[in-house]
Each structure stands twice: as structure tokens, then as C-alpha cells.
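A look at the structure
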Amino acid sequence: MRSGRSSGRGPAAGKAKMRFGPAGWMYKDWEGVVYPEAKPPSFDALRYIAEFFDTVEVNSSYYGPPLPRTTASWVQRVEESHDFRFTAKLWKRFTHERDKAWTTAEVDQVTAGFDVMMDAGKLGAVLLQFPWSFKHTEENREWLGDVVRTFRQYPLVVEVRHSTWLAPEFLSSLQEEGVGFVNIDQPLYHDSIGPSAHVTSHVGYVRVHGRNYKDWFREKAPVEQRYNYLYRADELEPWVERAREIAADPATKEVFVITNNHYKGKAVANALMMKAMITGARVPAPAGVVEAYGDALDRYAVPVKDDAEAVNIR
């Protein structure tokens, strides 16, 4: 179990598989940036994203559990990308709506869709994302423990944002339960969790949210504005080293590095940059992303002009 900020080159990645990808793929503001303006009738946004990345975090499952036919469609649409894995956020009913106990029917709604991805070998992790207001109290520890026990059939990772959770006994309990700790980059305010490289299960997980201090806690800020931030290369490099450190831990089998600064495709740009930093070579990128963020991507990406060219490029 490790923590802290890496320096220098850091340890080389071990045998763990490292995956980079954005959080979500269906955003209106990605049109004409991530996705081409003129799309062929058969254009499929998920299939397109899977040509550039080997993972994507399902964001919509936070707002409501996906139906089995929906997850079956996702699995089918990425089947040509044999090594592709989804991660998925757990429904907010279990992480944010804590005023009353959940029901068996609500659990069944979640498992019906997730089981389809799990059975297909396409579900890399289920993300339990809790808000900053979820602090390390006895009541909240009990709630979290109940959630973990309820969904323990899946590879679970937990994101907490308040620094009270950085207690050795909590990290040890995650390790005992085989639950991964989500290492996050977020705007740092009083009692916010800072950068780390903790390993508590065979699944390593990193999420970078951006550093939009102006809008992160602003009550009336639109959701998209909270995630309106493009990382510079020098801001990403320490996170690449942390991902290497997580991958080098003997306990780690797989590392997911997810960019959640999704506004206007910035997450795609930054995920590509991090992928290139790991591979040491420029990586294929949607042409619109390179056009929009060329100054940041110049050293890291090669534009792919249209959907027809984005076939078997990984």
C-alpha cells in the first residue's frame, strides 16, 4: 500500500495492464471536436471511442442503472476491440441518496445490467463515488461497508474526497476487503484529499477531475463548467508517474486512468497525452481534438482524419 507524490522517473511499470480513457462518451459539446461534424449514417460514438482507448468509464449509470439490453448493446459495440474494458459508476441511490435504506429491487436493477458486462468479461471495475460531504464517521463507514457487501461480486473501487478518510485503518480495511482506492486529482480546498498512489486491491484506479477552482464548489455552476479544464503536460506528468507506481506494485493486475474533465473533449485530449507519455510514442487522435488542442497535443498525438481511418488503429 503506497502513497505520496512521485519524483523523478519513478518505478517502471510492472506487469499490470495500464488503461487510459475518458469518463463518458455521450456529450453534446463533443460534437465537432471529438466526433466529426459530418458523420456517416452508421457512425457509432462508442465504437469510435474504442478505436482510440481500451477503456471508458460509464457515467450514465450514476444517474440510473442501465437496463440489460443497454449494457448488452455496449458490449456488442466494442466486441471488435477485444481488450476493451468498461468501468461503471454505481447508481447515486447508493452513494448520494443516503436518507433511507435501499431496497432489494433497487439492488436487482443495478445487478441486472452490470451482470451482462461482467459475464462478457468487459467490466473492469465498479466505481463507488462519494461526495466531499461524505466524511469518515461511524455512520458513513457502516453505510460504505453495506454497499461493499451488497456489490462484492464486482471488482469495486471507492472514491472519497474528504481527507478524514486518509486513515491507515481505512486503507487497511479496503485492502482486507479487496476494494481498490481511487487516487484523485481535484481542486484542493480545506480538507480535500490530495494526490496519492494508494494500492489496496488488484485494481489500481486514478481519476483526474481537472482543477477548475472557480466552479468546483460554486453552487449554481453548471456541471459541464466544473469539468472545464485542460491539463498541461507538466501537470499530467506526476500523475503518469503515480500510475507507473501503482502498476509496479506486486498486488496490481490492472490500472485504470480516467480523465473526467470532459467539457468539449478535454478529457480525450488529456487521456491521449497520458497514454503517449506511457508508451513513449505519439498516439492516434480524433482530428477535431488535435485541431482544438493542438498546442497541448502536438508532441503526443497524430490526427486521424475521419471515421473510416479509425479502424484497427490501436
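What counts and how
- Residues numbered from 1 in each chain as written.
- Predicted model: local features only at pLDDT ≥ 70, side-chain atom pairs only at ≥ 80, totals over all residues.
- Heavy atoms only, no water.
- Helix = DSSP H or I, 4+ residues; strand = E, 2+ residues; numbered from the N terminus.
- Polar contact = N/O pair within 3.5 Å; in protein donor to acceptor, adjacent residues only side chain to side chain.
- Buried < 20%, exposed > 50% of the residue type's maximum accessible area, 1.4 Å probe, protein only.
- 1 Å grid on protein atoms, 1.4 Å probe; cavity = no way out; pocket = protein on both sides within 12 Å on 5 of 7 lines; lining within 4 Å.
- Points joined across faces, edges and corners; volume = space filled by probe spheres on them.
- Nonpolar A, V, L, I, M, F, W, Y, C, P; charged D, E, K, R; others polar.
- Axes fitted to C-alpha atoms, helices over the stretch in contact; angles between N-to-C directions.
- Parallel < 35°, antiparallel > 145°, perpendicular 65-115°, else oblique.
- Left-handed = near helix turned anticlockwise from the far one by under 90°.
- Contact = heavy atoms within 4.5 Å.
- Pairing = 2+ DSSP bridges.

Its location among the elements puts Thr55 in strand β2 (residues 55-58). From its side chain, Thr55 meets the backbone oxygen of Arg85 in a polar contact 2.7 Å long.

This part takes up the environment of Phe170. Within the secondary structure, Phe170 is located in helix α5 (residues 168-177). Judged by its relative accessible area of 5%, Phe170 falls in the buried class. Separated by 34 residues in sequence, Phe170 and His136 have C-alpha atoms that sit 8.9 Å apart.

Let us look at the layout of surface pockets. Empty space within the second largest pocket amounts to approximately 220 Å³. Residue lining of the second largest pocket: His136, Arg141, Leu144, Gly145, Val148, Arg149, Glu169, Phe170, Ser173, Leu174, Glu177 and Val179, and that is the complete set. Elements represented by at least two residues in the lining of the second largest pocket include exactly α4 (138-150) and α5. Looking at the lining of the second largest pocket residue by residue, the classes come out as five nonpolar, three polar and four charged.

Despite not being glycine, Lys264 has its phi angle at roughly 50°, a positive value. Considering the arrangement of structural elements, one finds Lys264 in the loop between β8 (254-259) and α9 (266-279).

At a closest axis distance of 8 Å, the pairing of helix α2 (residues 68-77) and helix α3 (residues 104-119) adopts a crossing angle of 20°. With respect to their mutual orientation, α2 and α3 come out roughly parallel. Two packed elements cross with a definite hand, and for α2 against α3 that hand is right-handed. Residues Pro68, Thr71, Ala72, Trp74 and Val75 of α2 lie in contact with α3, whose contacting residues are Ala112, Gly113, Val116 and Met117. Residues belonging to the contact of α2 with α3 are distributed by class as follows: seven nonpolar, two polar and no charged.

Moving on, we get to the sheet that holds strand β3 (residues 85-89). Taken in spatial order, the eight strands make up an open sheet running β1-β8-β7-β6-β5-β4-β3-β2, and their pairing is parallel. Each end of this open sheet is capped by a strand with a single partner; those strands are β1 (17-22) and β2. For this sheet the average axis-to-axis angle between neighbouring strands, irrespective of direction, equals 25°. Two strands pair when backbone bridges link them, and strand β6 (residues 180-185) and strand β7 (residues 203-208) are joined in this way by four bridges, in the parallel orientation. Bridging across to β7, Val182 finds its partner in Tyr205.

None of the figures reported here should be taken as evidence of function without further support.
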